[in-house]
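Summary of the model geometry
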Amino acid sequence: MATPCRLLLWQVALRLSYHVASAGLCPGGADIFAAVSENSPTGQLIATLSVAMEPGANAVRLCLTGAAADWFYLEGRTIRLNSSASKVLDREVLGSVLIAELTCSEDDVIQVGHLNGGRGRVFRTQVIGSSPQSRSRVLVEILNQNDNRPRFLEETLRPVAASELTAVNSVVFTVKAADADGDMISYIIDESSPDAWFFRIDLPNSGDVVLDKPLDYETRRRLQVTVWAQETNTLEEFSTSAVLTLDVQDGDDQYPHFLPCTPVSSGVPVCLSPAYTANITHKQQEGAVEFSPGPIRAQDGDRGIDTPLLYSILSGDDHGRFVMNNQTGEVRLTRPVNRRQVMTNFTLVVMVCQEDDRLKFSVASVLIRVLSQNLHPPVFNSSTYKGFIIQSSSPASIVSTYGNQVLVVQVSDQDFSDGLNLNIHYSLRPPSGLYQVTQQGVLIARTDRLHAFERHILQVVARDQESGEEVWASVDIEVLQRGQPVPRGAFTEQPLFGDVDGRLAGGILGTVLLLFLSSILFLLLRTTRRRRPPATTDEPSTVAVSQHPNVVTSSRPLFPLDESSYTNQPSGSEGFQGRQGVYTRRHSQLPPPSSSSSSPNIIIITDPEQRPRPDPGPLAETPETSDTLRVSDVTEELQAPGGGGTGGWGGTLPT
């Protein structure tokens, strides 16, 4: 018992002589709550601690522990964010809350006081132990920021296959997009995408894409549409897009059709059945019949399914004369055609249908012509035809031939009794932009595009569409001027000049004609000179009245003459004034002299100036001779003594 008492006393003594320091410096274990935005920079303040003194001294010790402790660090009384460029605080990665543990421990210290030389009490701190540790949870919430765009889930973007028979208003796609920030998303179809008009979205938040138009495998086998996912509750309204693909599968919705296919219209998968034709002869024996435009074939309209087909003859087989293979569509002749057969053509109606659905079928007509043996080819009536066309402003005119008759270019075929083969087809080779030929052999010209004096050589081809034989002939067409008549025959059409230009040929012909007429005139003049009698030398002054145009004889004057106007004319030699010339006279043409002054015979001799000269008296009868006389000789004779110089003839002409 003595020992415990001693200890108790000892402690009391110490209490009396020493001062013991002890205080609560740690927070006391209360949780610390804080919040920080994601993507915050390093050093961001998280929390401020309620510690009585600065940590790090000998009295208080702080320590962060736990899974998220490395995201924080202590700085004095604060907790701060520990991030970097490669270490970003991301709510979508770390979660919404970071949890760490703060441990706080205190050291027990005593202050020992003693007297310092009577100047007072001095205290000294001394650690004598450590108090229990306090633990606090640090709960840091990461605040969300809109830093992510919506993203489509890959499994909702896979291509989808749908039959072309899929009903309109059916859901063909269900897309889904997620936003890491948890924002609300709506879906929109991009109207600029090529096949957007096939689809629609009724509920923007559902992601269901609905078929808005019927599908057709024959026209479009793949459709693509672009869909956008967009945030609706944020200011940024981030969005993203994805392309959806729909593969259209063929459905059994088309009927079979015969080949070749002629579409009813562009973009419509409906075909017109062709008309098959074939030619056989009386001598043709059993065997397959060849058709045009090709063998009888058909195919299923649904090419993606290609259902097997069956062929059959509905009518026109002539009691089994023609049979058809129901798998291939081949038509065979089972027995020859009798020459006495009244029917020359056979018309068959054939059908093709699906093997699994006989209600889906098509029909076509088949024409089989029975021909006689072709022994003679078609022949043109002429190898070269001549045609004319008159220049005109009319857009079209018929080419004519000689005599302005319509030019008809036709062939004859001796295989026909009348020579007329209705299967002849006429054409121009090469085709002309100025002329056309009808199936009756008439040529039509575009007159408004032709010019006068042009010449065109055309080749007309006649083809027998049954035998394939061809013959041809040339047509020489000449363009005439307006108003120029069509030649009546080949001779009047200037055959001597051949291909010479019409104007040049006309000039040459005129020159030849002029030379011909000149030759004839020369021969006539030469013959006339040879028949003229020689002139007598002893009668140089004899004048013939009717051989020169300036000498006229008549019982009546050609001009009204006033005899008195010449009786008082002054004397002179004006009687034969004028140019030198030769005058002749036939005395047999002069009338007998008459004493009557009321009706004298007057001879008027005119000079180049056309001045009339009166006869002073009757001429003496002379023998019927023909002499020549120059004007100068007559003038000298009249001016001689006794010849008269008083304005008239003073005597008779010397014989």
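Residues numbered from 1 in each chain as written. Predicted model: local features only at pLDDT ≥ 70, side-chain atom pairs only at ≥ 80, totals over all residues. Heavy atoms only, no water.

Quick look at the overall build of the chain
- Scanning the chain for helices and strands turns up 5 helices and 43 strands.
- Taking all 655 residues of the chain together, the buried fraction comes to 33%.
- Counted over contacts in the chain with a minimum sequence separation of 6, partners at least 24 positions apart contribute 68%.
- A total accessible area of about 39,400 Å² is found for the chain, and carbon and sulfur atoms account for 53% of it. (Helix = DSSP H or I, 4+ residues; strand = E, 2+ residues; numbered from the N terminus. Buried < 20%, exposed > 50% of the residue type's maximum accessible area, 1.4 Å probe, protein only. Contact = heavy atoms within 4.5 Å. Areas by Shrake-Rupley, 256 points an atom, 1.4 Å probe, with all protein chains shown as cover.)

As for the environment of cysteine 104
- Looking at the secondary structure, you find cysteine 104 in strand E6 (residues 97-115).
- Judged by relative accessible area, cysteine 104 falls into the buried class, the value being 1%.
- Considering only alpha carbons, one finds cysteine 104 and cysteine 63, 41 residues apart in sequence, at a separation of 6.6 Å.

So, the nonpolar core
- Core analysis: the largest hydrophobic core is formed by 26 residues, its most contacted members being Phe152, Tyr187, Phe199, Val209, Leu215 and Leu244.
- Secondary structure elements with two or more residues in this core: strand E11 (171-174), strand E13 (185-189), strand E15 (208-211), strand E16 (222-231) and strand E17 (239-249). (Core = buried A, V, L, I, M, F, W, Y, C linked by side-chain atoms within 4.5 Å.)

Notes on the sheet that holds E11
- Reading across the sheet, the 3 strands line up as E11-E15-E14 and stay open at both edges, with antiparallel pairing between neighbours. Edge strands, defined here as strands with exactly one partner in the open sheet, are E11 and strand E14 (199-200).
- Relative to E15, E11 runs antiparallel, the two being bridged by 3 bridges. When the bridges of E15 are listed, valine 171 appears paired with valine 210. (Pairing = 2+ DSSP bridges.)

As for the confidence of the model for the chain
- When pLDDT is averaged along the chain, the result is 76, and 68% of the positions lie at 70 or above.
- With pLDDT under 50 throughout, residues 536-655 is counted as low confidence; its partners more than four residues away or in other chains account for 166 contacts. (pLDDT = per-residue confidence, 0-100.)

Some remarks on the packing of aromatic side chains
- The final tally for this structure, using the stated rule, is 8 aromatic pairs.
- Considering the side-chain rings of phenylalanine 388 and tyrosine 402, the 5.5 Å spacing of their centres and the 65° angle between planes classify their relative orientation as edge-to-face. Taken together, the positions of phenylalanine 388 in strand E30 (residues 384-390) and tyrosine 402 in the loop between strand E32 (400-401) and strand E33 (405-406) put the pair 14 residues apart, joining distant regions of the chain.
- Since its relative accessible area comes to 1%, phenylalanine 388 is described here as buried.
- A relative accessible area of 23% means that tyrosine 402 is categorised as partly exposed.
- Three or more aromatic residues link up through ring pairs in this structure, and these residues are Phe173, Trp197, Phe198 and Phe199.
- Lying over the aromatic face of tryptophan 71, lysine 87 brings its terminal NZ or CZ to 4.7 Å of the ring centre. (Phe/Tyr/Trp six-rings, centres within 6.5 Å; stacked < 30°, edge-to-face > 60°. Lys NZ or Arg CZ within 6 Å of the ring centre and 35° of its normal.)

Regarding the state of the cysteines
- According to the stated counting rule, one finds 1 disulfide in the structure shown.
- With its sulfur 1.7 Å from that of its partner, cysteine 261 forms a disulfide with cysteine 271. Measuring handedness by torsion sign, the sulfur bridge of cysteine 261 and cysteine 271 sits at about -80° and is left-handed. Remark: cysteine 271 occurs in strand E20 (residues 271-272) and cysteine 261 occurs in the loop between strand E18 (257-259) and strand E19 (262-263); sequence separation between them is 10 residues. (Disulfide = S-S within 2.5 Å.)

Points about the side chain of glutamate 231
- With respect to the secondary-structure elements, glutamate 231 resides in strand E16.
- Although buried, glutamate 231 forms no salt bridge, and the nearest oppositely charged side chain, arginine 149, lies 7.4 Å from it.
- Separated by 3.2 Å, the side chains of glutamate 231 and asparagine 146 make a polar contact. (Lys, Arg positive; Asp, Glu negative; His and termini not counted. Salt bridge = Lys/Arg side-chain N within 4 Å of Asp/Glu carboxyl O. Polar contact = N/O pair within 3.5 Å; in protein donor to acceptor, adjacent residues only side chain to side chain.)

Focus on the pattern of salt bridges
- Applying the stated criterion across every chain, the model contains 18 salt bridges.
- With its nearest N and O atoms 4.0 Å apart, the salt bridge here joins aspartate 70 to lysine 87. With aspartate 70 in the loop between strand E3 (60-65) and strand E4 (72-75) and lysine 87 in the loop between strand E5 (78-81) and helix H2 (91-94), this pair connects stretches of sequence that are 17 residues apart.
- For lysine 87, a relative accessible area of 25% corresponds to the partly exposed category.
- Across the pair arginine 332 and glutamate 330 runs a salt bridge whose closest N-O atoms are separated by 3.8 Å.
- For glutamate 330, a relative accessible area of 34% puts it in the partly exposed group.

Points about the pairing of E17
- Bridge count for strand E10 (residues 160-163) against E17 is 4 bridges, and the pairing is parallel. Residue pairing for E17: alanine 161 is matched across the bridge by aspartate 247.
- Looking at chain direction, E16 and E17 are connected through 9 bridges and run antiparallel. Paired with leucine 223 across the two strands is leucine 246, which belongs to E17.

A closer look at the sheet that holds strand E28 (residues 361-371)
- Reading across the sheet, the 4 strands line up as E21-E28-E27-E24 and stay open at both edges, with mixed pairing between neighbours. With partners counted over all chains shown, the strands left at the sheet margins are strand E21 (276-281) and strand E24 (309-315), one partner each. For this sheet, the mean angle separating the axes of adjacent strands, direction not counted, is 30°.
- When E21 meets E28, the two strands line up parallel, connected through 6 bridges. The partner of threonine 281 across the bridge, within E28, is leucine 371. (Axes fitted to C-alpha atoms, helices over the stretch in contact; angles between N-to-C directions.)

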